[in-house]
Amino acid sequence: MIDLKLLERDFEQVAEALKKKRIDEKLLLKLKEVSGKVKEQKRLLESLQAKQNANSKLFPVYQKEGKDISQLKALLAQNKEQIAKEQEALRELEDKLYAIALNVPNLPDSDVPEGEDEEHNVELKRVLEPKAFDFKPKEHWELDAIEWIDFERGVKISKSRFSVLKNGASKVARALINYMIDFNESHGFSEYTLPYLVNAKALLGTGQLPKFEDDLFKIEGEDLYLIPTAEVPLTNLYQDEIIPKERLPLKMTAYSECFRKEAGSAGRDTRGIIRQHQFSKVELVSITSQEESDAVFNEMVECASDLLTSLGLPHRLVMLCGGDLGFSAAKTIDLEVWLPGQGRYREISSVSNTRDFQARRAKIRYKEGKKNILAHTLNGSSLAVGRTLIAIMENYQQADGTVAIPDVLKPYLEPKVKIE
RNA sequence: CGGGAGAUGGCAGAGCUGGUCGAAUGCGGCGGUCUUGAAAACCGUUGAGGUUAACAGCCUCCGGGGGUUCGAAUCCCCCUCUCCCGGCCA
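Cut-offs and rules
Residues numbered from 1 in each chain as written. Chains lettered and ligands numbered in written order. Predicted model: local features only at pLDDT ≥ 70, side-chain atom pairs only at ≥ 80, totals over all residues. Heavy atoms only, no water. Helix = DSSP H or I, 4+ residues; strand = E, 2+ residues; numbered from the N terminus. Contact = heavy atoms within 4.5 Å. Areas by Shrake-Rupley, 256 points an atom, 1.4 Å probe, with all protein chains shown as cover. Domains from an automatic or database assignment. Phe/Tyr/Trp six-rings, centres within 6.5 Å; stacked < 30°, edge-to-face > 60°. Buried < 20%, exposed > 50% of the residue type's maximum accessible area, 1.4 Å probe, protein only. Near = heavy atom within 4 Å. Polar contact = N/O pair within 3.5 Å; in protein donor to acceptor, adjacent residues only side chain to side chain. Nonpolar A, V, L, I, M, F, W, Y, C, P; charged D, E, K, R; others polar. Pairing = 2+ DSSP bridges. Axes fitted to C-alpha atoms, helices over the stretch in contact; angles between N-to-C directions. Parallel < 35°, antiparallel > 145°, perpendicular 65-115°, else oblique. Left-handed = near helix turned anticlockwise from the far one by under 90°. Salt bridge = Lys/Arg side-chain N within 4 Å of Asp/Glu carboxyl O. Expected span 1.5 Å × (residues − 1).

The subject of this paragraph is the overall build of chain A. Secondary structure assignment for chain A yields 12 helices and 15 strands. The C-alpha extent of chain A, read off along each of the three principal axes, is 100 × 45 × 40 Å. Counting only contacts in chain A whose residues sit at least 6 apart along the sequence, the fraction spanning at least 24 positions is 74%. Taken as a whole, chain A presents about 21000 Å² of accessible surface, with 49% of it coming from carbon and sulfur.

Per the domain assignment, the segments of chain A are domain 1 (4–101) and domain 2 (118–412). The distance between the C-alpha centroids of domain 1 and domain 2 comes to 43 Å.

Time to look at the packing of aromatic side chains. Evaluated as defined, the whole model comprises seven aromatic pairs. Ring plane angle 80° and centroid distance 5.6 Å describe the contact between F327 and F357, whose orientation is recorded as edge-to-face. In this pair, F327 sits in the loop between strand 10 (315–319) and strand 11 (331–339) while F357 sits in helix 11 (residues 357–362), placing the two residues 30 residues apart along the sequence. There is no split in this pair, since F327 and F357 are both buried. When the centroid spacing of 5.1 Å and the interplanar angle of 65° are considered together, the rings of W338 and Y345 count as edge-to-face.

With that settled, consider the protein's contact with RNA strand B. Close to RNA strand B lie 21 residues, the nearest being Q49, N53, S56, F59 and K367. Sugar plus phosphate: this is where 79% of the atoms of RNA strand B within 4 Å of the protein reside. Measuring from a sugar or linking oxygen of RNA strand B, one finds a side-chain N or O atom of R365 at 3.0 Å. Contacts to RNA strand B include N372, whose side-chain N or O atom sits 3.1 Å from a phosphate oxygen. Where the surface near RNA strand B is concerned, the elements lending two or more residues are helix 3 (25–56), helix 4 (58–65), helix 5 (70–101) and strand 13 (365–368). Considering each element in turn, the surface near RNA strand B owes the most residues, nine residues, to helix 3. Counted by class, the surface near RNA strand B contains five nonpolar, six polar and 10 charged residues.

Here the focus is the sheet that holds strand 4 (residues 190–192). Strands sit in the order 1-10-11-12-15-9-8-4 across an open sheet of eight strands; the sheet is mixed. What marks the edges here is a single partner per strand, and that holds for strand 1 (122–127) and strand 4. Looking at each pair of strands side by side, their axes are set apart by 25° on average, direction ignored. Each of strand 4, strand 8 (250–259), strand 9 (278–288) and strand 15 (376–384) touches helix 7 (residues 168–186); the most contacted strand, strand 9, lies at about 10° to it.

Interhelical geometry of helix 4 versus helix 5 gives an angle of 170° and a closest axis separation of 11 Å. In terms of axis orientation, helix 4 runs roughly antiparallel to helix 5. Handedness of the helix 4/helix 5 crossing: left-handed. Contacts between helix 4 and helix 5 pair L58, F59 and Y62 from the former with L72, K73 and L76 from the latter. Taken together, the residues of the contact of helix 4 with helix 5 sort by class into five nonpolar, no polar and one charged.

What follows concerns the sheet that holds strand 7 (residues 242–244). Spatially, three strands are ordered 7-13-14 in an open sheet, and the strand pairing comes out mixed. Of all the strands in the sheet, the pair left with one neighbour each is strand 7 and strand 14 (371–374). Between one strand and the next, the sheet's axes are offset by a mean angle of 40°, whatever the strand orientation. As defined by bridge partners, strand 7 adjoins strand 13 across three bridges and the pair is classed as parallel.

Turning to its location among the elements, Q41 is positioned in helix 3. A relative accessible area of 12% places Q41 in the buried class. Leave out the neighbours within four places in its chain, and Q41 touches E86, A89, L90 and L93.

A separate point is the environment of F133. Secondary-structure assignment places F133 in the loop between strand 1 and strand 2 (149–150). When the C-alpha positions of F133 and Q397 are compared, they lie 9.3 Å apart, and in sequence the two are 264 residues distant. Dropping the residues within four chain positions of it, F133 is found in contact with P340, E394, N395 and Q397.

Now for the pattern of salt bridges. Counted by the stated rule, this structure contains 26 salt bridges. We note a salt bridge from E116 to R22, for which the minimum N-O separation is 3.5 Å. In this pair, E116 is assigned in the loop between helix 5 and strand 1 and R22 in the loop between helix 2 (11–19) and helix 3, connecting sequence segments 94 residues apart. A salt bridge links K410 to D407; its shortest N-O distance comes to 3.1 Å. Using a relative accessible area of 40% as the deciding quantity, one classes K410 as partly exposed. For D407, a relative accessible area of 59% puts it in the exposed group. One continuous salt-bridge network, built from bridges that share partners, spans E123, R126, R316 and E336.

A separate point is helix 5. The terminal C-alpha atoms of helix 5, which comprises 32 residues, lie 46 Å apart, in line with the 46 Å expected from a rise of 1.5 Å per residue. Listing the buried residues of helix 5 in full gives L72, L76, N79, I83, E86, L90, L93, L97, I100 and A101. Contacts from the buried residues of helix 5 go to helix 1 (4–9), helix 3 and helix 4.

Structure below.
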């Protein structure tokens, strides 16, 4: 949630920043107005409550003195009625406030480039040269000689956009998960194993709800949803907590399956396993003080980039422009891996700093001296496992249709499995 | 899924015959005295959010929601969660 005090104090700054995310100033004006009304209503209600409290305390005194209390009683009964009325009014205003406020995205950082969509993202750097093939590289779903992915049977037992890995793909995917987690641990992230089902409060905390309910799989009759990313359980581990500052930054990593309805993705990436309803991912989440979030952000980007480099996968870093930035993010750097079959770079990781946006929703704070301060939360895919698998398949494919294995993965595939 | 007990401040744990209770006490934390230093002992301090120039005052919060009352942590109803017993199960 955005800072309503900032909105009140410096409307121009907020409006200017959110222009990058194409948020209409009118909406913000409305928000400011409602926020002001809430405050005013609260003041009114509180003065009535103060009166009620003060007068109620007179009862034991009057009784001791043997005074008549009937008049006082009548007075307070009347006041009570008014309190109920004003309380109802306040509730309505607050509902209105949250209905707007929870749907306003985070403010982009000042260094986020302007732009409509992904066309305007800014490439920061490229790492590793794509290697030259002396044959025409195939796309991953064309490498059918090795029988690594079974699309038809995945659909048969579930529905479209579900698939089955087998043979070498299963082995490599599992090796990747272990490798990534070990890699992250060596960079100071500690490992967690988490629930794949979380409640609405958690999803509200990280910003998936209330606005993006359509993208989530919900369990019927329960207050539970399948997680769209481990970011949700990981970040919310600390919801409603006040963390001593000395314990920051908290750096966490977790493997999980991710589940997304991808309601708006019809027709895109329908072939292969680029875009699935279920996919594996190793995630990074950090909770930091306000001062150190930039430094940790860079560490996370570097961690993901180095991981790709260690796997020998050419990739580039891209700074998202305002229009392409996610709802909760103040700043995002995507890592795009080179897919020779497609002949282009495709997103494989995305690292975001949400500043205090999620922390305000989830009430994640830290204590500095006597003060409680909203933390900064950051998240990033270490790497999406399925897409990494694709990248390995396409970048390491041989002329005969088999796939070589990156050296760093080999220890994770012992005892040797036959990969072909 | 059935039966029983419970949910209070960082933790433990009183209060629950309704009224100066945001809440005793212990532990922990912080500050101090003492000490070469530390421990012990002693003194003080120590929940969160909002309003505000203000750590003055005021309001809200004793799992969540609703009710009774002038007044509720305390009484009533609903929900959720936790623990114990049984059932089922990896």
